[in-house]
Every structure is written in C-alpha cells, then in structure tokens.
Amino acid sequence: MVYENIFKERRTHPRKKTCIPIGFEFNDVPCSAHTINMSGTGTFCETNTYRMPVQTKLKVFLMLPRSSEVINCYGIIVRAEDSHSDIFGTRTNRIAIHFDGIHKSEVEKIVSHLENIQ
C-alpha cells in the first residue's frame, strides 16, 4: 500500500537552519530565545522560559543579522516540546511559533535572509 500524501505538507515557505536571537512577550513578560530553524511564516526555537502551552499567543520581535530593522508580528505556539538540557546543562523548552499577523513585506525580508544562508 502506498502512503503518499497522508501528511500533506502545509508549509508555504521552506525551513532553514539558523540561530538568531528572538524576543517575545508571554503574558506581558519579555522573554528571549534563539531560533533552531526558521521559515518566512514561523520558527522553531529554544528558550529557557517556563513551558508555554500550544495555542498561546505571543508578540514577537526579531532582528535579522546585518539589519538594523526590527520585525514585529504576532505569533501562536503550534508545538511545544518537553524540556531538554542544552550543552551547559540548563533546562530549556522548544516551541514552534507560527507568525500570525505578519506583513507580506516582513515575510519577504525573512525569506530573503534565509535564501542567503549557505
């Protein structure tokens, strides 16, 4: 039996591995993280903030390398993984954030940055 298209890919932009700082507000508290991978419409990141549930809404702040412009948008947590220990033994949480309410011009900036990554 062929299992083609059982899990149809829903991403409209490809993901690329990249590690850049990202800020967000969770319940009006500023938090920070770093990306593990990213696309024009979302990111998978690691944070030392306590675990946040799926469907949590965030305000996201992102400054791409070699840019002085901050990208502001809203995001929603679409996946949350159990805590991990990073290379220093610090407990971290990994979350996937879908960018919501992001302007097309901001998506284009992110995509352009990702296309330049080797």
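The rules we used
- Residues numbered from 1 in each chain as written.
- Predicted model: local features only at pLDDT ≥ 70, side-chain atom pairs only at ≥ 80, totals over all residues.
- Heavy atoms only, no water.
- Helix = DSSP H or I, 4+ residues; strand = E, 2+ residues; numbered from the N terminus.
- Buried < 20%, exposed > 50% of the residue type's maximum accessible area, 1.4 Å probe, protein only.
- Contact = heavy atoms within 4.5 Å.
- Salt bridge = Lys/Arg side-chain N within 4 Å of Asp/Glu carboxyl O.
- Core = buried A, V, L, I, M, F, W, Y, C linked by side-chain atoms within 4.5 Å.
- Pairing = 2+ DSSP bridges.

Enquirer: Looking at this structure, how should I read the side chain of serine 39?
Expert: Among the secondary structure elements, serine 39 is positioned in strand S3 (residues 29-39). The class of serine 39 is buried, set by a relative accessible area of 5%. Residues in contact with serine 39, not counting those within four places in the same chain, are His13, Pro14, Arg15, Phe99, Ile110 and Leu114.

Enquirer: I'm lost on the pattern of salt bridges in this one. Help?
Expert: Any two side chains of opposite charge can pair, so long as their charged atoms come close to each other. Under the definition given, this model contains 4 salt bridges. Among the salt bridges present, the one from glutamate 69 reaches lysine 109, with a minimum N-O distance of 2.3 Å. Remark: lysine 109 occurs in helix H1 (residues 104-115) and glutamate 69 occurs in the loop between strand S5 (57-63) and strand S6 (70-85); sequence separation between them is 40 residues. What makes glutamate 69 partly exposed here is its relative accessible area of 40%. When the shortest N-O distance is used, the salt bridge between glutamate 81 and arginine 79 registers 3.5 Å. Using a relative accessible area of 35% as the deciding quantity, one classes arginine 79 as partly exposed. What you see here is one network of salt bridges that share partners, running through Glu69, Glu106 and Lys109.

Enquirer: So what exactly am I meant to see when it comes to the nonpolar core here?
Expert: Burial of nonpolar side chains together is a common tendency in soluble globular proteins. Of all hydrophobic cores here, the largest spans 24 residues; its most connected members are Phe24, Val60, Leu62, Ile95, Phe99 and Ile110. Those elements giving two or more residues to this core turn out to be strand S2 (21-26), S3, S5, S6, strand S7 (91-100) and H1. In terms of residues, this core owes the most to one element, S6, which gives 4 residues. When residues no more than four places from it in sequence are discounted, the contact partners of leucine 62 are Ile20, Pro21, Ile22, Met38, Glu69, Val70, Ile71 and Ile110.

Enquirer: Looking at this model, I keep getting lost on the pairing of strand S4 (residues 42-47). Mind explaining?
Expert: Remark: a regular strand shows side chains that alternate across the two faces of the sheet. Counting buried positions over the 6 residues of S4 gives 6, a clear majority of the element. Burial along S4 is two-sided: Gly42, Phe44 and Glu46 facing one way and Thr43, Cys45 and Thr47 facing the other are all buried. Relative to S4, S3 runs antiparallel, the two being bridged by 5 bridges. The residue bridging histidine 34 from the neighbouring strand is glutamate 46, located in S4. Two successive antiparallel strands, S3 and S4, enclose a turn made up of 2 residues. Where S4 and S7 come together, 6 bridges link them in antiparallel fashion.

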